Amino acid sequence: MTSILTNGSASIALQALRKINSDMQGTQRRVSSGLRIDGASDNAAYWAIATTMRSDLKAVSAVSDALGTGAAKVDTAYAGMTAVTDVLAEFKAKLVTATEAGVDKTKVQADLDQLKQTVWGIAHSASFNGENWLSSNIEDINDSDLDVETVVSAFVRDASGNVSVKTTTAHLAEIALFNSTGGGLLEADTRKLKTLGGIRDFDTFMDNDGEIWMSEVNSSLGTSAAIEYTFSGPLTFGASDNISFNVTVDKDNSAEVPPPHNTGATYPPVEITRATVDAYNPALNGKISTFQQYIAVLNIALDASGAQATARTVPKWDAAMKTWIADPDKIAIWTDETSGLDGSYVEISNFSSTVGSGGIGNASAFGTRGSELPITFVPFEVYKDGDNLDGVEVFFSFNVNGQAPTSSSFNRAYVNNLLGKDTGKVETPTEMVTLLKSLVSADWPDVIIEETGGNGISIRSDNNVDRLSGTKSYVGFTNISVSIEPISDLDFMEIDIVANPQMLDVYLSYTDLVFSDVVSAASVLGSLQKRIDIQAAFAHGLAANLNTGVGRLVDADMEEESSRLAALQTQQQLALQSLSIGNGSPKSVLQLFQ
């Protein structure tokens, strides 16, 4: 039907043309932008993924740049370290030369000084962008939280959408040759634990021969009671001559232990006669001329009476011979401490003689109690120890009066937890008492640990429970050790074969040791170089893969879009012709009314 009011054919043609124009506009946009999805309206899910991945791609690109900077740092440090190994090899060769007889050590030392300065210069110039891994400035280089250097190595987005930056780390304690506060590979170790607050009686030290001395014991051992006499002779015994005296041993010392007090053990009188002298040596004809002879005769008489005492020489240190020798003419009568009593005591009483005393007479002496160990507190720090988060470990055994020892240990974490700190420091006698009680008291409830004023601390057994005296009494630490010891006191820059010629062998051994340390440090840097190279290659590959993945989601297929555009252009022409035809029919009807 033809109508002059409604042109259905034209409406249909116009609708088709509008759709074709809309499709053509979208196709032209895809062709011009190269994107199939250019906004959230095209495909919200794909657009969101692509936008996020483009952001990650920029982060990965930044990681690649950071890896380049990190690689430059490591390359600089590695170059310096390898140069130092060459200098140290030359340094060791010079030391070997100095061991030859007739070599002028002054001239060799001049060469060594130049080589030392060369090492110093290399270490301090191996800097990139203001960072130097061979010459550091760290308060405590052994603190794994302070000595760490990081290189950005990766950007990661996990399955939950959380993002993080991964880093490659290096600890300068393994790399730095010098550190402003000490502790570098070519410097003395700074982690001196001193006397461990008094647990040991001296700190570790190196003597002039390069030997490191460590205190493994700190104890108080009682001494047996002894009466010392000076021999006077000779003593000549006839058939009716004799010396007689009583011996009492091991009574309690009322000044040291509370009542009740044991009065000791007394034995039948000790008798020395001509028969006693003959029993020792008949050739003497009853005449005792030396203190050694008198000691031998006394012991025969003491044994005969059953007295738990012994005559001995008195030791004396001979500085020239560097050994203990018998002090001439000195005689001591000791308690054997075998009476079964707690005390340590010896008494000579009721002495009588028809031939003279030989220097012996009535006398008495108490032994000393080893039941108290006084210590002087020295503040100390239990240091961190690289990646060991618990820190340096200290071990010791403790016992009283020769009983089975108990073993204890503590470390930085223990000290911090006990004292409520984060420094690992034991700084006052009060803190030291707290530490010792925590380690000792559970196993030894009768041991009293307390401050004595100033920096003094007393570790003693309760004399209400422990009444032993003499060598039966003991309080002390044994098997003391520290996990990082022995530590070196040597410093590479202070090596001087002229001032310390006796240490030449020590210096040679030390140089060989630090050479090994520097080679190990170079190995650490080489491994880090390799790891950074691998990470950099991965970052480049990852960026390419991310870019390709985003393209698969949102890029337009240009061949398909070009073909579609050509088709739409044809459809547009056909739609325009259809619209023209549709508008032609109403025009012919209108001509009838003209």
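Residues numbered from 1 in each chain as written. Predicted model: local features only at pLDDT ≥ 70, side-chain atom pairs only at ≥ 80, totals over all residues. Heavy atoms only, no water.

1. Considerations on the overall build of the protein
Per the secondary structure count, the protein includes nine helices and 27 strands. Looking at the protein alone, contacts between residues at least 24 apart form 69% of all its contacts between residues at least 6 apart. When the accessible surface of the protein is totalled, it reaches about 29600 Å², and 51% of it is carbon and sulfur. (Helix = DSSP H or I, 4+ residues; strand = E, 2+ residues; numbered from the N terminus. Contact = heavy atoms within 4.5 Å. Areas by Shrake-Rupley, 256 points an atom, 1.4 Å probe, with all protein chains shown as cover.)

2. Here we look at the pattern of salt bridges
Evaluated as defined, the whole model comprises 18 salt bridges. Between Arg-191 and Asp-189 there is a salt bridge, with the nearest N and O atoms lying 3.0 Å from each other. Residue Arg-191 shares its accessibility class with Asp-189, and that shared class is buried. One salt bridge in this structure joins Asp-278 and Arg-274, with 3.1 Å as the shortest N-O distance. With Asp-278 and Arg-274 both in helix H4 (residues 274–280) and four residues apart, the pair spans about one turn of that helix. For Arg-274, a relative accessible area of 25% corresponds to the partly exposed category. Members of the salt-bridge network, linked through shared partners, are Lys-192, Arg-200, Asp-203, Glu-485 and Asp-489. (Salt bridge = Lys/Arg side-chain N within 4 Å of Asp/Glu carboxyl O. Buried < 20%, exposed > 50% of the residue type's maximum accessible area, 1.4 Å probe, protein only.)

3. Topic: the pairing of strand E25 (residues 447–453)
Two elements, E25 and strand E26 (residues 456–461), share six bridges in a ladder whose sense is antiparallel. The residue of E26 that forms the bridge with Glu-450 is Ser-458. Between E25 and E26, which pair antiparallel one after the other, the connecting turn spans two residues, and Gly-454 there sits at a positive phi close to 65 degrees. (Pairing = 2+ DSSP bridges.)

4. A closer look at the confidence of the model for the protein
For the protein, the mean per-residue pLDDT works out to 83, and 76% of the residues sit at or above 70. Scored below 50 in pLDDT, residues 553–557 shows 19 contacts in the model against residues more than four places distant or in partner chains. (pLDDT = per-residue confidence, 0-100.)

5. Quick notes on the packing of aromatic side chains
Aromatic ring pairs are described here by two measures, namely the spacing of the ring centres and the angle between the planes. Tallying each qualifying case throughout the model produces ten aromatic pairs. Pairing Phe-396 with Phe-477 gives two aromatic rings, centres 5.3 Å apart and planes at 80 degrees, and the pair type is edge-to-face. Taken as a pair, Phe-396 in strand E22 (residues 393–400) and Phe-477 in strand E27 (residues 474–482) lie far apart in primary sequence, 81 residues in all. Above the face of the Phe-515 ring, Lys-92 is positioned so that its terminal group lies 5.1 Å from the ring centre. (Phe/Tyr/Trp six-rings, centres within 6.5 Å; stacked < 30°, edge-to-face > 60°. Lys NZ or Arg CZ within 6 Å of the ring centre and 35° of its normal.)

6. Concerning the packing of helix H6 (residues 412–419) against helix H7 (residues 429–440)
Following both chains from N to C, one finds H6 and H7 inclined at 110 degrees, their axes separated by 11 Å at the closest point. As summarised for this structure, H6 and H7 are arranged roughly perpendicular, according to the angle between their axes. For the element pair H6 and H7, the recorded crossing hand is right-handed. Taken together, the residues of H7 that come into contact with H6 (itself represented by Tyr-414, Val-415, Leu-418 and Leu-419) are Glu-431, Thr-434, Leu-435, Ser-438 and Leu-439. When the residues that make up the contact of H6 with H7 are grouped by side-chain class, the tally is six nonpolar, two polar and one charged. (Axes fitted to C-alpha atoms, helices over the stretch in contact; angles between N-to-C directions. Parallel < 35°, antiparallel > 145°, perpendicular 65-115°, else oblique. Left-handed = near helix turned anticlockwise from the far one by under 90°. Nonpolar A, V, L, I, M, F, W, Y, C, P; charged D, E, K, R; others polar.)

7. Re the sheet that holds strand E9 (residues 218–221)
Across the sheet, which stays open at both edges, the four strands sit in the order E9-E27-E22-E23 with antiparallel pairing between neighbours. Strands at the two margins of the open sheet, each flanked by one partner only, are E9 and strand E23 (406–411). Mean inter-strand twist for the sheet, computed between neighbouring axes without regard to direction, equals 20 degrees. Where E22 and E27 come together, six bridges link them in antiparallel fashion. Each residue of the ladder has a partner; that of Phe-398, found in E27, is Phe-477. Across the sheet, H7 touches E22, E23 and E27, and the angle it forms with E23 is around 135 degrees.

8. Concerning the environment of Val-108
Relative to the helices and strands, Val-108 is located in helix H3 (residues 105–125). In the structure, Val-108 is positioned 390 residues away from Val-498 in sequence and 9.0 Å away in space, judged by C-alpha atoms. When sequence neighbours within four positions are dropped, the list of residues in contact with Val-108 reads Lys-94, Ala-98, Val-103 and Ile-497.

9. Some remarks on helix H5 (residues 291–305)
Under the 1.5 Å per step criterion, the end-to-end length of H5 is 21 Å for 15 residues, consistent within 8% with the ideal 21 Å. When H5 is considered as a whole, its buried residues turn out to be Phe-291, Gln-293, Tyr-294, Ile-295, Ala-296, Val-297, Leu-298, Ala-301, Leu-302 and Ser-305. Gly-306 sits one or two residues past H5 and shows a positive phi near 80 degrees. (Expected span 1.5 Å × (residues − 1).)

10. Examining the sheet that holds strand E16 (residues 309–318)
The strands making up a sheet are joined through hydrogen bonds of the backbone, oriented either antiparallel or parallel. Spatially, E10-E17-E16 is the arrangement adopted by the three strands of the open sheet, whose pairing is antiparallel. Strand pairing shows two members of the sheet lacking a second neighbour, strand E10 (226–230) and E16, which therefore form its edges. When strand polarity is set aside, the average angle formed by the axes of neighbouring strands in this sheet is 45 degrees. In terms of strand pairing, E10 meets strand E17 (residues 323–335) through five bridges, oriented antiparallel. Bridge assignment links Tyr-229 to a residue of E17, and that residue is Ile-331.

11. So, the nonpolar core
By size, the foremost hydrophobic cluster in this structure holds 45 residues, and its most contacted members are Met-81, Trp-133, Ile-175, Leu-177, Leu-186, Phe-492 and Ile-497. Counting residues per element, the ones that place at least two in this core are helix H2 (44–98), H3 and helix H8 (504–554). If you tally residues by element for this core, the top one is H8, at ten residues. (Core = buried A, V, L, I, M, F, W, Y, C linked by side-chain atoms within 4.5 Å.)

12. Regarding H6
Along H6, the residues that are buried comprise Arg-412, Val-415, Asn-416 and Leu-419. Across the axial projection of H6, the buried residues extend over an arc of 95 degrees, all falling on one side. The secondary structure elements touched by the buried residues of H6 are strand E21 (380–381), E23, strand E24 (425–426) and H7. Two to three positions downstream of the cap, the backbone nitrogen of Ala-413 sits 3.2 Å from a side-chain oxygen, assigning the N-cap of H6 to Asn-411. Of the residues trailing H6, Gly-420 is marked for its positive phi of about 65 degrees. (Arc of directions from axis to C-beta. Polar contact = N/O pair within 3.5 Å; in protein donor to acceptor, adjacent residues only side chain to side chain.)

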